[in-house]
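Here is how the chains run, residue by residue.
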Amino acid sequence: MKKKGALFATLLLGASMLFGCSGGDKTTTEPAKETEKEQGTIKIGALFDITGATGDVGTPYAEGEKAYIEYINSKGGVNGYKIELVGQDYAYKIPEAQKLYQKYKSSDKVAAVLGWGTADTEALRQQVAADKLPFFSASYSENLKNIKESPYNFLTAASYSDQARSVLRWIKENHTGGTPKVALIYNDTAFGKSPIQDAKDFAKEIGVEIVDEQIVDLKALDATSQLLNMKKKAPDYAIIQQTWGATATILKDAKKLGIETQFIGLNWTTGEGLLPIAGDAAEGFIGVVTHAFPYEDLPGMAEVKEYLASKGEKLEDKNQKFIQGWVTAKILIEGIKQADDPTTGEGIRQGLEKLKDLDLGGLAAPVTFTADNHAGTNQIRLAKVENGQFKVFTDYFGY
């Protein structure tokens, strides 16, 4: 009996070991298959302006977007997925933007798009809605806030109109000596004209007088005639909707003409790239700040520093528009992280709509998206050029 009992115990132990080994193989292989299933690539399309009319600010912005995607991939991607950015220079031309968009959608099968200009973004928004592809433009056109017409467009900074309203509110509250008189200087593009009517309407509402409007081309090298016409109206302030190049032309010509008007530019006028081309004519210029300067000591700069160090670069090598592109890509990635299905535009949209007061470490105002509102924020700061550097002098505020 003892021998039989011992034999039975040995057989039982062997069976248990065999079962245990079999169960162990199953436990180790199934998660591996599941992980393999979860891994894949999420493609994001990108429209860059490198060589077009807004390439002065478009180039560092594109570099920032590409840098953040590279950074997030170096950290293992997003929930097991690698992010592939499919981007190309469209030179600020609407037909080329439409052509590239169709390629991204049909051939590359992207799940979202990082866009650029106002005219092309507005031209594409119906297609974007039909294709259900989340679209993050560098345009902050007020028109894109209409969620019924633009259900897949997301604004990651205050709209141009909200920027202008906030500037007008600041003028109203800080001006002394009667009703403030304001001129508007902009270019004859969808981008340039975007905030103008809203600015005029809001100025009338709060008791600010718009006394003049002047159009200056994005590539203008001379604005003397426009500024002489403006000078006749003697505005206390002039709000500029341009990029660095035209803004520098305006400021230099204003200095030559002895114009004492206080110039205040919306976000694309602002940044380090303005300073070397405007020179000392930039002194005293006030700019709208939607995104941080690299030299600001903010928590969100840690990731940027880490990425740049891996490339042998430093924050001093970059400018504010690089940070702006970095932040835009980061917000999209945060939405992808929240998506139940990050491989589809519908899934990413739902993920983005879960973002509430997204903390960007001070690199930009926190953003919130809901099913009813894709305007992430209306908050801005103001900075003034002093001794050749933009110095922020307000906290974030709205109108």
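Conventions adopted
Residues numbered from 1 in each chain as written. Predicted model: local features only at pLDDT ≥ 70, side-chain atom pairs only at ≥ 80, totals over all residues. Heavy atoms only, no water. Salt bridge = Lys/Arg side-chain N within 4 Å of Asp/Glu carboxyl O. Helix = DSSP H or I, 4+ residues; strand = E, 2+ residues; numbered from the N terminus. Buried < 20%, exposed > 50% of the residue type's maximum accessible area, 1.4 Å probe, protein only. Axes fitted to C-alpha atoms, helices over the stretch in contact; angles between N-to-C directions. Parallel < 35°, antiparallel > 145°, perpendicular 65-115°, else oblique. Contact = heavy atoms within 4.5 Å. Nonpolar A, V, L, I, M, F, W, Y, C, P; charged D, E, K, R; others polar. Polar contact = N/O pair within 3.5 Å; in protein donor to acceptor, adjacent residues only side chain to side chain.

Chemist: Before we move on, could you go through the pattern of salt bridges and cite the residues and values that matter?
Modeler: Summed over the entire model, instances satisfying the criterion amount to 22 salt bridges. Residues Lys233 and Asp212 are paired through a salt bridge, measuring 3.8 Å at the closest nitrogen-oxygen approach. Of this pair, Lys233 sits in helix α8 (residues 224–233) while Asp212 sits in strand β7 (residues 209–215); the two residues are 21 residues apart in sequence, bridging distant segments of the chain. Judged by relative accessible area, which is 9%, Asp212 ranks as buried. The shortest N-O distance in the salt bridge between Lys256 and Asp253 comes to 3.9 Å. Pair noted here: Lys256 and Asp253 are both in helix α9 (residues 244–256), with a separation of three residues, about one helical turn. Taking relative accessible area as the criterion, Lys256 reaches 69% and is therefore assigned exposed. Residues joined by salt bridges that share partners form a network here, namely Glu142, Lys145, Asp162, Arg165 and Asp198.

Chemist: Mind laying out the packing of helix α12 (residues 320–338) against helix α13 (residues 345–352), listing which residues take part and the relevant values?
Modeler: At a minimum axis distance of 7 Å, the contact between α12 and α13 shows a crossing angle of 100 degrees. As summarised for this structure, α12 and α13 are arranged roughly perpendicular, according to the angle between their axes. For the pair α12 and α13, the contacting residues are Ile331, Leu332, Gly335, Ile336 and Gln338 in the first and Ile348, Gly351 and Leu352 in the second. Residue composition of the contact of α12 with α13, by class: five nonpolar, three polar and no charged.

Chemist: For the side chain of Asn187, give the residues involved together with the corresponding values.
Modeler: Structurally, Asn187 is set in the loop between β6 (181–186) and α6 (190–193). Of the residues examined, Asn187 reaches a relative accessible area of 1% and is grouped as buried. Only 3.3 Å separates the side chain of Asn187 from the backbone nitrogen of Gly192, close enough to count as a polar contact. There is a polar contact of 2.9 Å between the side chain of Asn187 and the side chain of Gln242.

Chemist: Go over the side chain of Thr247, please, and point to the residues and values.
Modeler: Among the secondary structure elements, Thr247 is positioned in helix α9. According to the relative accessible area criterion, Thr247 is buried, its value standing at 0%. Setting aside chain neighbours within four positions, we find Thr247 in contact with Ile240, Gln242, Thr269, Leu274 and Phe285.

Chemist: Explain unusual backbone geometry to me, using residue names and the numbers behind them.
Modeler: A positive phi angle, close to 50 degrees, is found at Asn79, a residue other than glycine. Inspection of the secondary structure puts Asn79 in the loop between α2 (55–74) and β2 (81–89). Its relative accessible area of 48% is what places Asn79 among the partly exposed residues. Despite not being glycine, Lys109 has its phi angle at roughly 55 degrees, a positive value. Structurally, Lys109 can be placed in the loop between α3 (94–106) and β3 (112–114). Overall, the relative accessible area of 60% leaves Lys109 in the exposed class.

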